[in-house]
Amino acid sequence: MTHDRLPDERSISASRNIEDRDYWLDQLAGDWPVSRFPPGIEHNLLTAEDSSNLESFSFELDPTVGARAQHIVKGSPHRLFMVLTAAVTLLLHKFSRLDDIVVGAPVFKQEIEGTFVNTVLALRSRINGSESFKEFLTRMRRTITDATLHQNYPMDTLAYQLGREADSRGSNLFEVAVMLDTVHDRTYIDHLALDMILGFRSDSERLSGIVEYNPSLYNRNYISALIEYLERLLRAALFSPEDPIEAIDILQADERRRLLEEFNLTDSLPLAGETASMRFIRQAQANPHRIAVSGGESGRGLTYHELLCRSSHLAKRLREYGVTSGSVVAVMEEREPDTVAAIVAILLAGGAYLPVNTDTPSNRISVMLEDAGAGWVIARGQALPKFLFATLQGLHTRRVEPTVTAPRPPVADLDQLPVPDRSLVDYNKYHPHLGHSMAKNVIVIQASRGCPYHCAYCHKIWPKTHVFRSARHIFDEVKFHYDLGIRRFAFVDDIFNLAKKNSTEFFEMILEHRMDVQFFFPNGLRGDILTEEFIDLMVKAGTVSLALALETGSERLQKKIAKNLNLKRFRENAEYICRTYPQVITELFTMHGFPGESEEEAMMTLNFIKSLKWIHFPYVNILKVYPGTDMEKMALENGVSRESILRSENYAHFELSDNLPFERNFTMHYRSELLNNYFLDKERLLHVLPHQMKLLTEDELLQKYNSYLPVRIDTFEELLRYLGIDGDELDCAPAAQTEERLDYHRRVTEANRHLKPAPARNALRVLLLDLSQFFRKDSFEQYDVEGEAPIGLMYVMTYLNQKLGAKVNGKIAKSRVDFDSYSQLKQLLDDFQPDLIGVRTLSLFK
């Protein structure tokens, strides 16, 4: 194939082509800033809004430039696109002073219609100023050709695999796109929020087009000047293609004179009307790779680009919290680069900063905050724990001593606890979404508490005992809901099989009563204590899904973290389940990044997964180190700082943290290997997917795969295309929704009506909040589920209603489900007016 005729007629295939993946991971490896034209002085990245609503600017280039371009490309529209992309890339280089530029483009027009796995390309170029435009154009042609050959790989998946975290405006790979109307379709990039799209039109020997731009970053005068500079660059490059790139001058004589003579003091004097924040942005845009702040944990400090990104992100949050012009924000941090980022963020938000020495007595700080009218405090690291929130809020005149109750022994007889009243929550809000069990309309059951093991990642406040409900007690709860028409039950215990005699008795009671049920065990059973006989009994009684918790395939680490799994027996049991019961949806939990873990040990875990060919959903969770655990002690002993542990406390289980003992690229390739060479293996998919389809509805399958994959999929047909499967290769369809799964809330409310007496007029108003999930706008897509009802709070409220009757008026609410923002939470508090608030949280909303 020649370079002037590209494969623009190729349809997009959903195949997980390993060659395509490796090409893109190599092409876009390493760190590089997002390429964009710097905003004008009156604009900045902080105030930029979502660029889905772009404004347009039409242009036409000088006919001599268009004629010269057509002459060089000999009428080939593909070659013309290469010339235009090279010119835009060099213009970005001239404006941003970056030598590593990435621009976007749609894939070439496809003749067949349909939904494709990928419709955009990221074109990366490294600029060498001594290289001629002709040489650069040759490289650009090769870049576009190679990218087109490997276009069947989704850019959103690629961004995830590269660890390209979005900046404050959601960007990850590129912000500027180029297209030519004769070879591109504008709809291919409709889903992208970009700063700018340069769309060219070619008509005989004329070049014209439309620039679509984000009006919160640029104005028409800016775009008009930009096109003028582009025309000058094209003229110089096309008429003197042998000249070096650094010799291409886009400035006219009077502009050059003004820069050299009139504006020669710009490094030392601000421009007229320029604020400190505007001057900082100008400096960051002019020198993105220069060190702006030295020091810090890494010793390297922050570049101007890194400082701008951090500051812009924090400034956006400050504005969300109400910081505006005239606001005073106190800064209480150690002397670190992030302190400078906080100060710049306050200025970008329009406020004024008040530096506060953390060694200052708390009473003095209260006076300072009050005198300055500071309504906000930025603090982190060792600073915040020194002060009470009440002190920082100026409430130091009223001292409230906390009441500390005596330690209570754990409940030893779970059968004495009432079965939770499930009418306390509105299941209509939960059943549309998946919980941990991957199915909807599921009743979650707690069968045991406590754990006798001493794993390193468990908090020491948990008792090392195991108590469990009797088989009869569990059966009665299942039977109650079974009689209401419920058939699906999920056990949240991760050691349900520890009390083997009791659980065996429960399964036998289900079989004795011939109950047609589906049991889900989504939280990770202890796989090495299973037996083939027990597995047979579980499946016969109705088990359709179970998860096994492996953590690590390294014998050394098993001992180090005190999990002490018998890996040989674990593997035998997992193989038995996959081989004998392929219809049981089996999940496997692993952890990645234990303190002191070597790359070889990590690969042991990956190879362990790959040796179990038919696992339905294997997980790689990035280890979270919680304070107060033996894992924290291990991390500190292996050189992880306490500040780094605290910084990653709210990370999701798939987010990379600074605590990893590996290079980030190793982890990215590790996860990519699991996703592409195991999970998306077609033979494996054709084996497991039909079993999943027989159990799960189409909506459940989509929600499950959307929670697992780093992309958004909207239809089952789209899912099959993404997986590289033709519908004809499957002999079944997703399960149908059945009537008995619907309208559960009405039935359970009627059945439990007698459990909750009408509260008295002066009843104690108790609000129990479950804060175990971030709001949707702050949540993370992968491994993220939201349909789990707060069973623990239902136990508490049922107990209160049983003991206090009409004396208590209780309400349960969960973040993301019952309220999805702080304003909605405030409205909830205003409406209910609670006398007492109980909170259940993990490390979120601290």
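For the structure itself, look to the data block above.
Predicted model, so just to flag it, every value in this text is computed and none were measured.

### Focus: the nonpolar core
So, point 1. Judged by nonpolar contacts, the single largest core of 107 residues is most densely connected at F506, F507, Y705 and L709.
So, point 2. If you tally residues by element for this core, the top one is helix α22 (residues 664-679), at seven residues.
So, point 3. One finds F59, M140, I227 and Y229 within the second-largest nonpolar core, a separate group that totals 79 residues.

### A short note on the sheet that holds strand β20 (residues 764-771)
So, point 1. Ordered in space as β21-β20-β22, the three strands form an open sheet in which the pairing is parallel. Where the open sheet ends on each side, the last strands, each with one partner, are β21 (808-814) and β22 (836-841). Each strand of the sheet is rotated relative to its neighbour by a mean of 15 degrees, with strand direction disregarded.
So, point 2. Sheet topology note: the β20/β22 ladder contains six bridges and is parallel. Considered in β22, the bridge of D770 is made with R840.

### Regarding the packing of aromatic side chains
So, point 1. The full count for this structure, using the stated rule, is 31 aromatic pairs.
So, point 2. Relative to Y619, the ring of F589 lies with its centre 5.5 Å away and its plane at 65 degrees, an arrangement referred to as edge-to-face. Here the residue F589 occupies a position in strand β18 (residues 585-592), and Y619 occupies one in strand β19 (residues 617-622), the gap between them amounting to 30 residues. Of the two residues, F589 and Y619, both sit in the buried class.

### Observations regarding the packing of helix α8 (residues 276-286) against helix α9 (residues 304-320)
So, point 1. Closest axis-to-axis distance for the α8/α9 pair is 8 Å, and the angle between their directions is 135 degrees. Judged by the angle between their axes, α8 and α9 are oblique. In terms of crossing hand, the pair formed by α8 and α9 is left-handed. Where α8 approaches α9, its residues F280, I281, Q283 and A284 are matched on the opposing element by Y304, L307 and L308.
So, point 2. The class makeup of the residues in the contact of α8 with α9 is six nonpolar, one polar and no charged.

### Here's the deal with the side chain of E131
So, point 1. With respect to the secondary-structure elements, E131 resides in the loop between β3 (120-126) and α4 (133-149).
So, point 2. On the basis of relative accessibility, which here comes to 12%, the residue E131 falls in the buried class.
So, point 3. Other than its neighbours up to four places away in sequence, E131 contacts F136, R139, D243, P244 and I245.

### Regarding the packing of helix α23 (residues 682-695) against helix α24 (residues 698-708)
So, point 1. Following both chains from N to C, one finds α23 and α24 inclined at 130 degrees, their axes separated by 9 Å at the closest point. Between α23 and α24, the interaxial angle falls into the category oblique. Along its contact with α23, which presents L685, L689, Q692, M693 and L695, the element α24 presents E700, L701 and Y705.
So, point 2. In the contact of α23 with α24, the residues fall into six nonpolar, one polar and one charged.

Rules used throughout
Residues numbered from 1 in each chain as written. Predicted model: local features only at pLDDT ≥ 70, side-chain atom pairs only at ≥ 80, totals over all residues. Heavy atoms only, no water. Core = buried A, V, L, I, M, F, W, Y, C linked by side-chain atoms within 4.5 Å. Buried < 20%, exposed > 50% of the residue type's maximum accessible area, 1.4 Å probe, protein only. Helix = DSSP H or I, 4+ residues; strand = E, 2+ residues; numbered from the N terminus. Pairing = 2+ DSSP bridges. Axes fitted to C-alpha atoms, helices over the stretch in contact; angles between N-to-C directions. Phe/Tyr/Trp six-rings, centres within 6.5 Å; stacked < 30°, edge-to-face > 60°. Parallel < 35°, antiparallel > 145°, perpendicular 65-115°, else oblique. Left-handed = near helix turned anticlockwise from the far one by under 90°. Contact = heavy atoms within 4.5 Å. Nonpolar A, V, L, I, M, F, W, Y, C, P; charged D, E, K, R; others polar.

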